[in-house]
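# Fold and geometry: a report
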Amino acid sequence: MSKGVYRLLASALALCLLILPGCTKEKEEQEDDFPVLLNNVTISEAPQRVVSLSPALTELTEDLGYGQALVGISDSCTLPQGQGEDFPRCGTAQTPNLQQIQDLQAQYVLVSGNLADGQRTELQQMGVDVIVIQPAATLEELQQNYEALGSFYAGNVTGRAKGKEVYDQLMAPLQEAADTIASAGGDHPLALYAPRPASTVATGDTLEQAFLDLLGFENAASGATGWFLEEEQTQSLQVQVVFYGEDFTSEQVQQAYPAAAEDLLLIQADTDAIARQGSGMFQEWARLAKAAHPELFPQEEASPDPS
C-alpha cells in the first residue's frame, strides 16, 4: 500500500474520531420523555390512573387532552368530558376519601395545595404518589403549570411541548383583545376585580393583577397583598370599573365603593372560572375585556351588568 493511501486512511480515521464524540454528545444531551421528576416524585411512565382533588387541575387536564387518565375527581370538580354523573367522586383535598382512592387503584393524586397532616403519608403507604401544582400568581407561572402538568402526563419533551402549545392557544384570543385595546390608546381605567366586594379584591400579588395589567387596566388594589383591602381604603377608591362576583348585586357593589366614579362601570364575572385558572379563565377574561370596551368590540354580545 502506498504512502498516499496510508495518509488518506489516516486522515479519514482522524475525521471520524473528531465527528463521533460530537454525535455521542448530541445523543447524550437528547432528553427522554420519561422518567419525569416532579415535586420530588419520579414518574417512570405515562400515568394511567389518576385522581384529581383539584377543580383547577381537572380542568387543566381536560385542556391538555389527557382526561382519559382520570379515574376519579373531587366532589367539587366539573365532570370530565363524556363522563356521566356516576363518575367516581373522591372527597376533597381537605377530606379525601382514601378508601375510594384505594378502590380505584389510583397511581397518583393531583392537588393544588398541601394535604392535611398524615394524609399524604397514608396515600404513599397505599402506593399512591401525590403531585402538588400550586396555583399561579403570574403569567409565567401559569405557563409553567401547563407545562408541568403536561410533563406529568406525557413526559419531559412531549408533555412540556403540549403544555406550551395549549397555553399559547388559550392565550392567543386574549392577547388579540389586549392588542386591540392597546392600539386604541387612551387612559388606563382604574379597576378592581372583586369576587367579594368590598375588601376581598385582587391585590398586586395575584394572577388577576397580571390579567388586569395585560388588558390595559390599572389595578386600584395593586399596592396591597393577600386579597385584602382595609375598609378605609375601599371607602376612598375612585374606581372606574369593577368586575364583581355572582353572589352580589350592582347596588351592593356601588355601596361598597362610595367614592367610585359617577359613571362607574359594573361587570359581573364568573369568578369560579377565573379561580380554576384553566381554559374557562382565559375565555372569561376575554369576555370581561370586551364588555369593558364595547366601542372596540361592537360585534360582541357581552352585557356589562347581567344582574
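Since we're looking at a predicted model, the values are computed, not measured.

### Some thoughts on the pairing of strand β4 (residues 70–73)
- Where strand β3 (residues 50–52) and β4 come together, three bridges link them in parallel fashion. Within β4, the position partnered with Val50 by the bridge is Leu70.
- In this region the chain leaves β3, passes through helix α2 (residues 55–64) and returns to the parallel neighbour β4; the handedness of that crossover is right-handed.

### Considerations on the state of the cysteines
- The final tally for this structure, using the stated rule, is zero disulfides.
- No disulfide involves Cys77; its sulfur sits 9.3 Å from the nearest other cysteine sulfur, which is in Cys90.
- Overall, Cys90 belongs to the buried group, its relative accessible area being 0%.

### Some words on the pairing of strand β7 (residues 190–194)
- The buried fraction of β7 is high, at five of five residues.
- Burial along β7 is two-sided: the residues Leu190, Leu192 and Ala194 and Ala191 and Tyr193 are all buried.
- Both β7 and strand β8 (residues 218–219) contribute to a ladder of two bridges, which runs parallel. In the strand pairing of β8, Leu190 is matched with Glu218.
- Across four bridges, the pairing between β7 and strand β9 (residues 241–244) is parallel. From the neighbouring strand, Ala191 faces β9, where its bridge partner is Val241.

### Notes on a negative patch on the surface
- A surface patch of negative charge is lined by Glu246, Asp247, Asp270 and Asp272.
- For Asp272, the location among the structural elements is in helix α10 (residues 271–276).

### Examining the environment of Ala198
- By secondary structure assignment, the location of Ala198 is in the loop between β7 and α7 (207–214).
- Ala198 sits 59 residues away from Tyr257 along the chain, and the two C-alpha atoms are 7.0 Å apart.

### Quick look at the pattern of salt bridges
- A full pass over the atoms with the stated rule returns three salt bridges.
- Arg276 is the partner of Glu59 in a salt bridge, and the nearest nitrogen-oxygen pair spans 2.7 Å. Note that Glu59 is positioned in helix α2 and Arg276 in helix α10, a separation of 217 residues in sequence.
- Accessibility expressed as a relative area gives 24% for Arg276, which makes it partly exposed.
- The shortest N-O distance in the salt bridge between Lys164 and Asp168 comes to 2.7 Å. Of this pair, Lys164 and Asp168 both sit in helix α6 (residues 158–183), separated by four residues, roughly a single helical turn.
- Of the residues examined, Asp168 reaches a relative accessible area of 34% and is grouped as partly exposed.

### Looking at the sheet that holds β9
- Spatial ordering of the open sheet is given by β8-β7-β9-β10, a layout of four strands whose pairing is parallel. Edge positions in the open sheet fall to β8 and β10 (265–268), since each of these has one partner strand only.
- Packed on one face of the sheet, α7 meets β7, β8 and β9 and runs near 145° to β7.
- Sheet contacts for helix α11 (residues 279–292): β7, β9 and β10; angle to β10, the most-contacted strand, approximately 155°.

### Considerations on the sheet that holds β4
- In space, the four strands of this open sheet follow the order β4-β3-β5-β6, with parallel pairing throughout. Taken across any chain shown, the strands that pair with only one partner, and hence form the sheet edges, are β4 and β6 (129–132). In this sheet, neighbouring strand axes are inclined to one another by 25° on average, regardless of whether the strands run parallel or antiparallel.
- Here β3 pairs with strand β5 (residues 108–111) via three bridges, running parallel. When the bridges of β5 are listed, Ser52 appears paired with Leu110.
- On the sheet, helix α5 (residues 139–154) packs against β3, β4, β5 and β6 and is oriented at approximately 170° with respect to β5.

### With respect to the nonpolar core
- Phe152, Phe211, Phe243, Phe282 and Trp285 are the most contacted members of the largest nonpolar core, which has 58 residues in total.
- Every residue in contact with Trp285, bar those within four places of it in the chain, is listed here: Leu174, Tyr193, Glu208, Phe211, Leu212, Leu215 and Ile274.
- Ranked by size, the runner-up nonpolar core spans 20 residues in total, among them Leu237, Val242, Tyr257 and Leu264.

About the criteria used
Residues numbered from 1 in each chain as written. Predicted model: local features only at pLDDT ≥ 70, side-chain atom pairs only at ≥ 80, totals over all residues. Heavy atoms only, no water. Pairing = 2+ DSSP bridges. Helix = DSSP H or I, 4+ residues; strand = E, 2+ residues; numbered from the N terminus. Right-handed = clockwise from strand over helix to strand, strands pointing away. Disulfide = S-S within 2.5 Å. Buried < 20%, exposed > 50% of the residue type's maximum accessible area, 1.4 Å probe, protein only. Patch = residues over 30% accessible without salt bridge, like charges linked within 9 Å, V, L, I, M, F, W, Y side chains within 5 Å. Areas by Shrake-Rupley, 256 points an atom, 1.4 Å probe, with all protein chains shown as cover. Salt bridge = Lys/Arg side-chain N within 4 Å of Asp/Glu carboxyl O. Lys, Arg positive; Asp, Glu negative; His and termini not counted. Charge placed at Lys NZ, Arg CZ, Asp CG, Glu CD. Contact = heavy atoms within 4.5 Å. Axes fitted to C-alpha atoms, helices over the stretch in contact; angles between N-to-C directions. Core = buried A, V, L, I, M, F, W, Y, C linked by side-chain atoms within 4.5 Å.

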